[in-house]
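Close look at the chain arrangement
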Amino acid sequence: MKKKLKNEKGQAMVEFALVLPILLFVVCGIIDFGWLFFNQLSLDNACREGARYAAVCSEDKNCEVLTKNHINNIIAPVLDDVEITITYTDLSDKLNGDVVVHLEADMHILTPVLGIINGSQTKTLTSEVVMKVET
């Protein structure tokens, strides 16, 4: 009996061409979601640090300015143009209430995968911390 010879040259290349888009999609997704979580954790940390700073220095007249500078020093290497809102729950006496620090920033997406899911190449991140004012 005669065996049929099969020419399988190029088979691995065809398989690789079929798997490559899926592999790239997964790798880009891992990169984007890792970048998203890193930025969100950095924003949460800066918000927590800012709330702690505002809770401790609330007796100072320049507390809001000092707190905003403190937050900007922490978050500046990671995110640009962070909107900082500092409010007190008891406006008549800051020392009796809570301080609320709210941060909002736009994160630029690294690869198009999260941009496809999100609908744009920027993602808005927010963080808010409420802390009791200390005297």
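Before reading on, note that the structure itself is shown above.
Predicted model only: the values in this text are computed from it and were never measured.

**Focus on the environment of M107**
Structurally, M107 is set in strand β2 (residues 98-108). Taking the C-alpha atoms as reference points, M107 and V133, 26 residues apart in sequence, are found 31 Å from one another. Once you skip the residues sitting within four places of it in the chain, M107 turns out to touch W35, L36, N39, L79, L114, Q121, T122, K123 and L125.

**Considering the layout of surface pockets**
Where empty space is left can be seen by rolling a probe of water-molecule size over the atoms. Approximately 180 Å³ is the volume attributed to the largest pocket. Around the largest pocket, the lining residues are W35, N39, V78, L79, D80, D81, D106, M107 and H108. The element best represented in the lining of the largest pocket is β2, accounting for 3 residues. Residue composition of the lining of the largest pocket, grouped by class: 4 nonpolar, 2 polar and 3 charged.

**Concerning a negative patch on the surface**
A surface patch of like charges, here negative, comprises D80, D81, E83 and D106. Relative to the assigned elements, D106 resides in strand β2.

**Regarding the state of the cysteines**
The full count for this structure, using the stated rule, is 1 disulfide. With its sulfur 2.4 Å from that of its partner, C57 forms a disulfide with C63. In this structure the cystine formed by C57 and C63 twists about its S-S bond by roughly 85°; its chirality is therefore right-handed. Classification of C57 by relative accessible area gives buried; the value is 15%. For C63, a relative accessible area of 1% corresponds to the buried category. Considering cysteine sulfurs only, C63 is the nearest to C47, which forms no disulfide, with 14 Å between them.

**Thoughts on the packing of aromatic side chains**
For the structure shown, the criterion picks out 1 aromatic pair. Measuring from centroid to centroid gives 5.9 Å for W35 and F38, while their planes differ by 25°, and the two rings are stacked. Of the two residues, W35 and F38 both sit in helix α1 (residues 11-56), 3 residues apart, roughly one turn of that helix. Given a relative accessible area of 28%, W35 falls into the partly exposed group.

About the cut-offs
- Residues numbered from 1 in each chain as written.
- Predicted model: local features only at pLDDT ≥ 70, side-chain atom pairs only at ≥ 80, totals over all residues.
- Heavy atoms only, no water.
- Helix = DSSP H or I, 4+ residues; strand = E, 2+ residues; numbered from the N terminus.
- Contact = heavy atoms within 4.5 Å.
- 1 Å grid on protein atoms, 1.4 Å probe; cavity = no way out; pocket = protein on both sides within 12 Å on 5 of 7 lines; lining within 4 Å.
- Points joined across faces, edges and corners; volume = space filled by probe spheres on them.
- Nonpolar A, V, L, I, M, F, W, Y, C, P; charged D, E, K, R; others polar.
- Patch = residues over 30% accessible without salt bridge, like charges linked within 9 Å, V, L, I, M, F, W, Y side chains within 5 Å.
- Areas by Shrake-Rupley, 256 points an atom, 1.4 Å probe, with all protein chains shown as cover.
- Salt bridge = Lys/Arg side-chain N within 4 Å of Asp/Glu carboxyl O.
- Lys, Arg positive; Asp, Glu negative; His and termini not counted.
- Charge placed at Lys NZ, Arg CZ, Asp CG, Glu CD.
- Disulfide = S-S within 2.5 Å.
- Buried < 20%, exposed > 50% of the residue type's maximum accessible area, 1.4 Å probe, protein only.
- Phe/Tyr/Trp six-rings, centres within 6.5 Å; stacked < 30°, edge-to-face > 60°.

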